[in-house]
Amino acid sequence: MSTSSAGPPPPADGLLSAARRNLRELGHGLSHASHPSTPLLAGAPKLWQRLLPYVVVLALAATFIPVTITVLTSQYGVSGALAGALGVAQAAPLLMLAHRPLQAWWIIFPADVLGALVLLAQPAGRDESWPWTPPGIVAYLFLLLALGLRETRRTVIAVWAVTGGAGAVLHLIAPDRSSGSALLLTILGAVVLVIGGAVRERGVAQRRLAEQETISEAERAQRTLLEERTRIARELHDVVAHHMSVITVQADSAPYRISGLPKAAEEEFTAIAAAARESLGEMRRLLSVLRSDGTEGDRAPQPGLDRLQQLVEATVRAGLPVELSLSKELGEVPPAVDLSAYRIVQEALANVVRHAPGARTRVLVATDIGHLVVLIVNGPAAGRSSPLETSGTGHGLVGMRERVRLTGGTLDVGPLPDGGFRVAARIPLPPAAPPPASPPAPSPSEDL
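Asker: Provide a residue-level description of the sheet that holds strand β4 (residues 410-415), including the pertinent values.
Answerer: Spatial strand order, β1-β2-β3-β5-β4: 5 strands in an open sheet with mixed pairing. Each having just a single partner strand, β1 (322-326) and β4 make up the two edges of the open sheet. The sheet shows a mean angle of 5 degrees between the axes of neighbouring strands, direction not considered. Sitting on the sheet, helix α10 (residues 335-355) is in contact with β1, β2 (361-367), β3 (371-378) and β5 (421-428), with an inclination near 10 degrees to β3. Relative to the sheet, helix α11 (residues 397-406) contacts β4 and β5, its axis offset from that of β4 by approximately 155 degrees.

Asker: How would you summarise the pattern of salt bridges if you had to cite specific residues and measurements?
Answerer: The final tally for this structure, using the stated rule, is 7 salt bridges. Between Arg277 and Asp252 there is a salt bridge, and its shortest N-O distance comes to 2.1 Å. Within this pair, whereas Arg277 is found in helix α8 (residues 263-290), its partner Asp252 is found in helix α7 (residues 181-257), the two being separated by 25 residues in sequence. Taking relative accessible area as the criterion, Arg277 reaches 44% and is therefore assigned partly exposed. A salt bridge links Asp368 to Arg426; the shortest N-O distance between them is 3.0 Å. Taken together, the positions of Asp368 in the loop between β2 and β3 and Arg426 in strand β5 put the pair 58 residues apart, joining distant regions of the chain. Given the relative accessible area of 32%, Asp368 is considered partly exposed.

Asker: Can you break down a nonpolar patch on the surface residue by residue, with the values?
Answerer: Side chains of Leu41, Leu47, Trp48, Leu51, Leu52, Tyr54, Val55 and Val56 sit close together on the surface and give an oily, nonpolar patch of about 750 Å² of accessible area. Structurally, Tyr54 is set in helix α2 (residues 47-74). A relative accessible area of 35% places Tyr54 in the partly exposed class.

Asker: So what about the packing of α2 against helix α5 (residues 134-150)? Which residues, and what values?
Answerer: The contact between α2 and α5 brings their axes to 10 Å, and the two run at 155 degrees. Looking at the two axes, α2 sits roughly antiparallel to α5. In terms of crossing hand, the pair formed by α2 and α5 is left-handed. Taken together, the residues of α5 that come into contact with α2 (itself represented by Leu60, Phe64, Val67, Thr68 and Val71) are Pro135, Val138, Ala139 and Phe142. Here the contact of α2 with α5 is built from residues that sort into 8 nonpolar, 1 polar and no charged.

Asker: So what about unusual backbone geometry? Which residues, and what values?
Answerer: In this model, Trp130 is joined to Pro131 through a cis peptide bond whose omega is 15 degrees. Within the secondary structure, Pro131 is located in the loop between α4 (101-120) and α5. With a phi close to 50 degrees, Ile369 is a non-glycine residue in the positive phi region. By relative accessible area, which is 72% here, Ile369 ends up exposed.

Asker: Could you give me a rundown of the nonpolar core, with the residues and numbers involved?
Answerer: Where a protein is soluble and globular, its nonpolar side chains tend to be buried together. In terms of nonpolar packing, the biggest core is built from 42 residues, with Leu94, Leu97, Trp105, Tyr140, Leu143 and Leu144 touching the most fellow members. Beyond its immediate sequence surroundings of up to four residues, Tyr140 is in contact with Trp105, Ile108, Phe109, Asp112, Val159, Thr163 and Leu185. Val312, Ala341, Ala356 and Val404 belong to the second-largest nonpolar core, a separate cluster that totals 30 residues.

Asker: How would you explain the packing of aromatic side chains if you had to name every residue and give the values?
Answerer: Inspection of every chain in the model, using the stated rule, returns 3 aromatic pairs. Relative to Trp106, the ring of Trp105 has its centre 5.2 Å away and its plane inclined at 75 degrees; by these criteria the two rings are edge-to-face. Seen from their ring centres, Trp105 and Phe109 are 5.0 Å apart, and the 10 degrees between their planes marks the pair as stacked. Taken together, the residues Trp105 and Phe109, both in helix α4 and 4 residues apart, mark about one turn of the helix. Owing to a relative accessible area of 12%, Phe109 belongs among the buried residues under this scheme.

Rules used throughout
Residues numbered from 1 in each chain as written. Predicted model: local features only at pLDDT ≥ 70, side-chain atom pairs only at ≥ 80, totals over all residues. Heavy atoms only, no water. Pairing = 2+ DSSP bridges. Helix = DSSP H or I, 4+ residues; strand = E, 2+ residues; numbered from the N terminus. Axes fitted to C-alpha atoms, helices over the stretch in contact; angles between N-to-C directions. Contact = heavy atoms within 4.5 Å. Salt bridge = Lys/Arg side-chain N within 4 Å of Asp/Glu carboxyl O. Buried < 20%, exposed > 50% of the residue type's maximum accessible area, 1.4 Å probe, protein only. Patch = residues over 30% accessible without salt bridge, like charges linked within 9 Å, V, L, I, M, F, W, Y side chains within 5 Å. Areas by Shrake-Rupley, 256 points an atom, 1.4 Å probe, with all protein chains shown as cover. Parallel < 35°, antiparallel > 145°, perpendicular 65-115°, else oblique. Left-handed = near helix turned anticlockwise from the far one by under 90°. Nonpolar A, V, L, I, M, F, W, Y, C, P; charged D, E, K, R; others polar. Core = buried A, V, L, I, M, F, W, Y, C linked by side-chain atoms within 4.5 Å. Phe/Tyr/Trp six-rings, centres within 6.5 Å; stacked < 30°, edge-to-face > 60°.

Geometric descriptors of this kind do not, in isolation, establish any biological role.
In structure tokens, the structure reads:
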């Protein structure tokens, strides 16, 4: 009685398919460059850095073409014409290393193999290097370095394997002529390719890190902008809610304050009050969306220009010498402009405390041809002082720009020649209401 057990299938098919797949990938790497034909260091910021690869390849070609020809004729006894052709084929493609190193390899490598076969037909000398000549080895190492700096790991492994395989085959063809240069080039080539690949991968990692930092900075700036807009919207809610509440109260009390109103007018006031209440409810629901989870709305009234003196005094107590100049001709300022002007001064003083502690600072608030002008100028930092607000009041210049943009004004910020900083906001004011017309004076004839 015979028993048979079903075991796992032999892994030969899997190994063969993996080997074929790897060979196809290596062949694709040898035949397709992994980068466009842009010169090495093409993105360098300085001109001499961009020209450096061309200078290097010109120097290599100018050096190795005559050296290779001279070595082939004097040391190996090759005829002048054949030595010139081999020297040009083996060294002239070094001019392509700056932008097309893989294509240069496809010219130099067959030329080196052909040169080894040509030298095999020459009489053997005692100190000759075969299959690779000394200038050929050095030039080939520069080629491998260029490949390691530009090509992928798959491509450089394929180049190294083909180079080592060619050296092994040539050694087997004429082992008595082989001087160990094939093994030397294989070892040195591996070292050069590893160095070039490490430099290339480090550069790729740095570029990716820089791109990620740029993306993160853009996302951070966008998040800061959205947070500041949300904060401004929460603050302006109080301003708008106050006016809507006044409208509601006036509309509700109109029938009691004004006697003899027709029925249609009373219904109109009732509709106005209902619409105002509905608008207030919609604003509260919108504000609940803008607020973060678990946060409460501010109960205190929003500050304005009337509280600038308190803000300046608190800043002075924190160690920052501040001078306030507040025009007496300000008059009535719209609530949104009033709040924006206060926040701009607050953010500017907070920035001075954080970035220029001890700097003398001047704050000017005045009117100028239908505009409210807010100017904060500070000198260079004079010393360290404790910050006024350790948690910050917003996002600095981002908040200022958003507030000025909201009110239709302009903002001018920038450093000063003496090392200080200047913040200038110009916010339009609504036109002043014309004064009520006074009744005409009675003429003398009317008094009689």
